[in-house]
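Read off the chains here:
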Amino acid sequence: MFTLKNYDLSDINSAPSSLDVLYGIFKTTLNPDLTEREFNQYLFGCHPDSFEMSFIYRDETLAGFATSVAYPRKIEGKKVIILRSAFGMIDACKQGNFPLHSLFYKYIRYKLKHLLTPVYVAGFMANPLMYAMICKYTLRCYPNRRQIKHSQKMLSFKDDLLQSMKLKKKEVAPFVLKIHFQVKFKPADIERIQQSTNQDVGYFLSINPRFQEQYGVLVLVPVTITNMAYTLFMYLLRPVKKGFKKFKKPQTAKKMKMTMPDLVTNKT
């Protein structure tokens, strides 16, 4: 079972040693060659005004982390807030249900504090499996396979956002760019990706086949009432689906046991 220890690091001095721990688990789960300069540039280079972090524990052992950082921006002459997250788990702890709902709650809480300001979650995604999870739990995100042709308004928003982050020159195709650091994939991760039949994974690979070469996809998720309600609905639906599967399996087994004697009798 996973447990969380949460920090609000908007005032970094409130828990300075926690950043050292974060840097360590960041490297362990995402890139062992990550320098401290790259780490600090990724988190603080765009001057956040809110920084929340969770350490994820399994049986009192540090298993992973999740961060949620808010960056105010002026896009097309209007104030918007960009939320960015990072997430990593140690390989030995990847079995089980990740407590990612804590990130969703942070997004919702932040939006409720800024009801009149447009809020977007922006992720620089290198992992196709994580991208597929975002598509599953959101009603609207960009880019996605259901809306391959994007509106000029969304493309302009994306361009202005990348320009404000000084990343526009790194874009090689719409929404695809060279990201801050290379995510190191284990052979087992690559095998899972290559064997996946998920349509969203397939779409990600079609637009970003160089995901192992430090290229990622900028994923934008509008934090709206509709999107938040959909995410909550999908999350609350999870235990119902699991319960239905558990209920269905014994029924199938029982049916097989009942029909097997008949099959044997008919054969003889």
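Worth saying up front: this structure is predicted, and the values here are computed from it rather than measured. (Residues numbered from 1 in each chain as written. Predicted model: local features only at pLDDT ≥ 70, side-chain atom pairs only at ≥ 80, totals over all residues. Heavy atoms only, no water.)

1. Things to note about the packing of helix H4 (residues 128–137) against helix H7 (residues 199–207)
Here comes step 1: Axis separation between H4 and H7 bottoms out at 8 Å; the angle between their running directions is 125°. Classified by the angle between their axes, H4 and H7 sit oblique to one another. The element H4 and its partner H7 pack so that their crossing is right-handed. Contact with H4, carried on its side by Pro-128, Leu-129, Tyr-131, Ala-132 and Cys-135, involves Asp-200, Val-201, Tyr-203, Phe-204 and Leu-205 of H7 and no other residues of that element.
Here comes step 2: Looking at the contact of H4 with H7 residue by residue, the class counts come to 9 nonpolar, no polar and 1 charged. (Axes fitted to C-alpha atoms, helices over the stretch in contact; angles between N-to-C directions. Helix = DSSP H or I, 4+ residues; strand = E, 2+ residues; numbered from the N terminus. Parallel < 35°, antiparallel > 145°, perpendicular 65-115°, else oblique. Left-handed = near helix turned anticlockwise from the far one by under 90°. Contact = heavy atoms within 4.5 Å. Nonpolar A, V, L, I, M, F, W, Y, C, P; charged D, E, K, R; others polar.)

2. What about the environment of Gly-64?
Here comes step 1: By the element assignment, Gly-64 lies in strand S3 (residues 61–75).
Here comes step 2: A residue is classified by how much of its surface remains accessible, and Gly-64, at 0% relative accessible area, is buried.
Here comes step 3: Between the C-alpha atom of Gly-64 and that of Phe-2, which follows or precedes it by 62 residues, the distance is 9.8 Å.
Here comes step 4: Apart from the residues lying within four places of it in its own chain, the contact partners of Gly-64 are Ile-25, Ser-54, Phe-55, Ile-56, Gly-88 and Met-89. (Buried < 20%, exposed > 50% of the residue type's maximum accessible area, 1.4 Å probe, protein only.)

3. Some details on the sheet that holds strand S1 (residues 2–8)
Here comes step 1: An order of S1-S2-S3-S4-S5-S8-S7-S6 is seen for the 8 strands of this open sheet, with the pairing classed as mixed. With one partner strand each, in any of the chains shown, S1 and strand S6 (171–173) form the two edges of the open sheet. Looking at each pair of strands side by side, their axes are set apart by 30° on average, direction ignored.
Here comes step 2: Pairing of S1 with strand S2 (residues 50–58), which is carried by 7 bridges, proceeds in the antiparallel orientation. Directly across from Asp-8, in S2, lies its bridge partner Glu-52.
Here comes step 3: Packed on one face of the sheet, helix H5 (residues 152–164) meets S3, strand S4 (78–89), strand S5 (119–125), S6, strand S7 (176–178) and strand S8 (215–222) and runs near 120° to S8. (Pairing = 2+ DSSP bridges.)

4. Considerations on helix H6 (residues 187–195)
Here comes step 1: Buried within H6 are the following residues: Asp-189, Ile-190 and Ile-193. An end-on view of H6 places all buried positions within 95° of arc, on one side of the element. For H6, exposure combined with an orientation more than 90 degrees from the buried face picks out Pro-187, Arg-192 and Gln-195. (Arc of directions from axis to C-beta.)

5. Observations concerning the side chain of Arg-73
Here comes step 1: By the element assignment, Arg-73 lies in strand S3.
Here comes step 2: Each residue touching Arg-73, except ones within four places of it in the same chain, is listed here: Cys-46, Lys-78, Lys-79, Val-80, Ile-82, Ser-164 and Met-165.

6. Section: the packing of aromatic side chains
Here comes step 1: Applying the stated criterion across every chain, the model contains 11 aromatic pairs.
Here comes step 2: Ring geometry for Phe-26 and Phe-181: centres 5.6 Å apart, planes at 65°, overall edge-to-face. Taken as a pair, Phe-26 in helix H1 (residues 16–29) and Phe-181 in the loop between S7 and H6 lie far apart in primary sequence, 155 residues in all.
Here comes step 3: In this structure an aromatic cluster arises from ring pairing among Tyr-23, Phe-26, Phe-39, Tyr-42, Phe-65 and Phe-181.
Here comes step 4: Between the NZ or CZ atom of Arg-84 and the centre of the ring of Tyr-42, over which it lies, the distance is 4.8 Å.
Here comes step 5: Directly above the ring of Phe-175 sits Lys-158, whose terminal nitrogen or CZ lies 5.4 Å from the centroid. (Phe/Tyr/Trp six-rings, centres within 6.5 Å; stacked < 30°, edge-to-face > 60°. Lys NZ or Arg CZ within 6 Å of the ring centre and 35° of its normal.)

7. Points about unusual backbone geometry
Here comes step 1: Cis geometry is adopted by the peptide bond preceding Pro-143, which originates at Tyr-142 and carries an omega value of -5°.
Here comes step 2: Structurally, the position occupied by Pro-143 is in the loop between H4 and H5.
Here comes step 3: The backbone phi angle of Lys-166 is positive, close to 60°, even though this residue is not glycine.
Here comes step 4: Within the fold, Lys-166 resides in the loop between H5 and S6.
Here comes step 5: Residue classification places Lys-166 among the exposed residues on the basis of a relative accessible area of 76%.
Here comes step 6: One non-glycine residue, Phe-175, lies in positive phi territory at about 75°.
Here comes step 7: For Phe-175, the location among the structural elements is in the loop between S6 and S7.
Here comes step 8: Judged by relative accessible area, which is 1%, Phe-175 ranks as buried.

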